[in-house]
Amino acid sequence: MVIGFLATVLSVTVAVHVYLWHRLVRSTTRPGGRPRRVLTAVLAVLGVLVVVTFAGSRVEAGFWLAWPGYMWLAVMFYLLVFLVLLEVPRAVAWRLLRRSAPAPEAVPAAVPVGSATGGDAGDLAVGDSAVGDSAVGGSVAGGGGAGAAGGLVGDPAAGAGSPGVGGDVMSRRLFLGRATAAVAGVSALGTVGYGVRTALGDPVVEPVRITLPKLDPRMNGLRVAVVSDIHLGPLTGTAHAERIVRMINAQRPDVVTIVGDLVDGTVAELGRQARPLGELEARYGSYFVTGNHEYYTANGPQEWIEELRELGIRSLRNERVEIRHQGGVLDLAGVDDVSGATLDDGPDLGRALAGRDAGRATVLLAHQPVLAAEAARHGVDLQLSGHTHGGQMVPFNLVVPIQQPVVAGLGTVDGMQVYVTRGAGFWGPPVRVGAPPEITMVELHA
């Protein structure tokens, strides 16, 4: 799984960086010059950094790569987005610039010094394909004037003459390339800066009222705090968990649910960051289900389940508990993440819901919304999920529906309600654009 993931990262990274080189280096510099060589080297190093970051940040020794690697990943992504969006305007502008260029026939052919006949007219190529990166010194000149022996009259390299058609086209091409790169660069940096501020800021507390027809009316107003995708890891600290705990406790919930992807590392690496979770306060307890990232850690999810038990948080591993409130009863079930199926440790709804009273409401904790169709077949009334991050960085929100039935917020799958929280943390780049971090307060009503 890890090898396949890294192979995908490598392939995508190479493809994106080749495109960025064409638009940010080749289109903005003259061939053979030092700026092109330097920028090419820088882009190559940044491409390697992305791959090394994905590989190295999975072990404690590579955590120091996380900030530079993931920040470039975010900038790279938005450079790609803005450059692609600018392709059509760039093509239109290039056509207009070419139309406004001087007519080739109005410019005399270049003449070798000392030639009485004007030499070979083929020495000057005016077409678009000949005046680009292959032009001598970045331009081809025309007109009169003296130059060095064997050179072209008016060649800028010889220090005389005025720019001709080739040089004019080259200058326009460089101008357009540099203008496009500048617009994309400023837009990308501005977007990433906004996204960093959002990702590292306080999560939004989203109040959500959900009606469950089978809920005992005596349980009206039961408050369930839902938090997911906290992603304790190399870019977070103890303050990240402390803030989330403080904000949840301020809402005075009856139940706290942590719906997967709590960590991106082992207990030895991140145990200190998780300790504030022991301060969660809820009348009927705090509950946890595994996410896919718990299975990506070096030691697997079991050590975290034991660590959370020490912190007073119960893990629901294909099991359920009864929440009793004001004389009413609600079934709260939880299943392991679908990623655990490859390790014979995946979700088992039949086991989680066995022996329940089908006449009372059931709320299911499942990290990925994709489990909703199966949950609906088992008669679940409400599924609480995370995983999607709401897309985290626009336009990823447009891609998530390919895999998941609900991206964010309250939806319906086969008649069953599903609420997908955007998550309180971030994965990879500390950037959120169009999907601010969220702590959800669900209030249940009959």
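Residues numbered from 1 in each chain as written. Predicted model: local features only at pLDDT ≥ 70, side-chain atom pairs only at ≥ 80, totals over all residues. Heavy atoms only, no water.

1. Quick notes on the overall build of the protein chain
For the protein chain, the helix and strand inventory stands at 11 helices and 14 strands. Split by element, the accessible area of the protein chain, about 19,700 Å² in all, is 59% carbon and sulfur. (Helix = DSSP H or I, 4+ residues; strand = E, 2+ residues; numbered from the N terminus. Areas by Shrake-Rupley, 256 points an atom, 1.4 Å probe, with all protein chains shown as cover.)

2. Side note on the layout of surface pockets
Rolled over the atoms, a probe as big as a water molecule pinpoints where empty space is left. When its volume is computed, the largest pocket comes out at roughly 1,200 Å³. Lining the largest pocket we find 37 residues, and of these Phe 5, Phe 54, His 293, Phe 396 and Trp 427 sit closest to its centre. Looking at the lining of the largest pocket, the elements with two or more residues in it are helix H1 (2-26), helix H2 (34-56), helix H3 (66-85) and helix H8 (292-296). Tallying contributions element by element places H1 first for the lining of the largest pocket, with seven residues. Across the lining of the largest pocket, the residue classes break down as 21 nonpolar, 14 polar and two charged. (1 Å grid on protein atoms, 1.4 Å probe; cavity = no way out; pocket = protein on both sides within 12 Å on 5 of 7 lines; lining within 4 Å. Points joined across faces, edges and corners; volume = space filled by probe spheres on them. Nonpolar A, V, L, I, M, F, W, Y, C, P; charged D, E, K, R; others polar.)

3. With respect to the sheet that holds strand S9 (residues 328-334)
As summarised here, the arrangement of the six strands in space is S8-S9-S10-S11-S13-S12, forming an open sheet in which the pairing is mixed. Single-partner strands in this sheet number two, and they are strand S8 (319-325) and strand S12 (409-413). On average, each strand axis in the sheet is tilted by 25 degrees relative to the strand beside it, whichever way the strands run. In this structure, S12 lies alongside strand S13 (residues 416-420), joined through five bridges in antiparallel fashion. Within S13, the position partnered with Gly 411 by the bridge is Val 418. (Pairing = 2+ DSSP bridges. Axes fitted to C-alpha atoms, helices over the stretch in contact; angles between N-to-C directions.)

4. Observations regarding the pairing of S8
By the bridge criterion, seven bridges tie S8 to S9 in an arrangement that is antiparallel. Across the sheet, Glu 322 pairs through a bridge with Asp 331, a residue of S9. Between S8 and S9, which pair antiparallel in sequence order, lie two residues; one of them, Gln 326, sits at a positive phi of approximately 55 degrees.

5. Re empty space enclosed by the protein
With the rule as written, the count across this model stands at two cavities of 30 Å³ or more. Breaking the lining of the second largest cavity down by element, the ones donating at least two residues are S9, strand S11 (382-385) and strand S14 (438-445). Taken together, the residues that form the lining of the second largest cavity break down as 10 nonpolar, no polar and no charged.

6. A few points about helix H9 (residues 302-310)
Where H9 is concerned, the buried positions are Glu 303, Trp 304, Ile 305 and Leu 308. Buried positions along H9 lie against helix H7 (267-274), strand S6 (286-289) and strand S7 (313-315). (Buried < 20%, exposed > 50% of the residue type's maximum accessible area, 1.4 Å probe, protein only. Contact = heavy atoms within 4.5 Å.)

7. Brief notes about the nonpolar core
One finds Leu 20, Trp 72, Tyr 78, Leu 79, Val 192 and Val 431 to be the most contacted residues of the largest nonpolar core, which totals 31 residues. When contributions to this core are tallied by element, the ones reaching two or more residues are H1, H2, H3 and helix H5 (165-200). Sorting elements by how many residues they give to this core places H3 first, with 12 residues. In contact with Val 431, not counting residues within four places along its chain, are Ala 74, Val 192, Gly 195, Val 196, Ala 199, Gln 392 and Met 393. Ile 248, Val 256, Val 263 and Leu 277 belong to the second-largest nonpolar core, a separate cluster that totals 26 residues. (Core = buried A, V, L, I, M, F, W, Y, C linked by side-chain atoms within 4.5 Å.)

8. Looking at the pattern of salt bridges
The full count for this structure, using the stated rule, is 15 salt bridges. With a shortest N-O distance of 3.7 Å, Asp 381 and Lys 214 are connected by a salt bridge. Of this pair, Asp 381 sits in the loop between helix H11 (372-377) and S11 while Lys 214 sits in the loop between strand S3 (204-211) and strand S4 (222-227), and the two are 167 residues apart along the sequence. Its relative accessible area of 31% is what places Lys 214 among the partly exposed residues. Here Arg 218 and Asp 216 are joined by a salt bridge, their closest N and O atoms 2.8 Å apart. One network of salt bridges, in which partners are shared, links Arg 320, Glu 322, Arg 324, Asp 331 and Arg 360. (Salt bridge = Lys/Arg side-chain N within 4 Å of Asp/Glu carboxyl O.)

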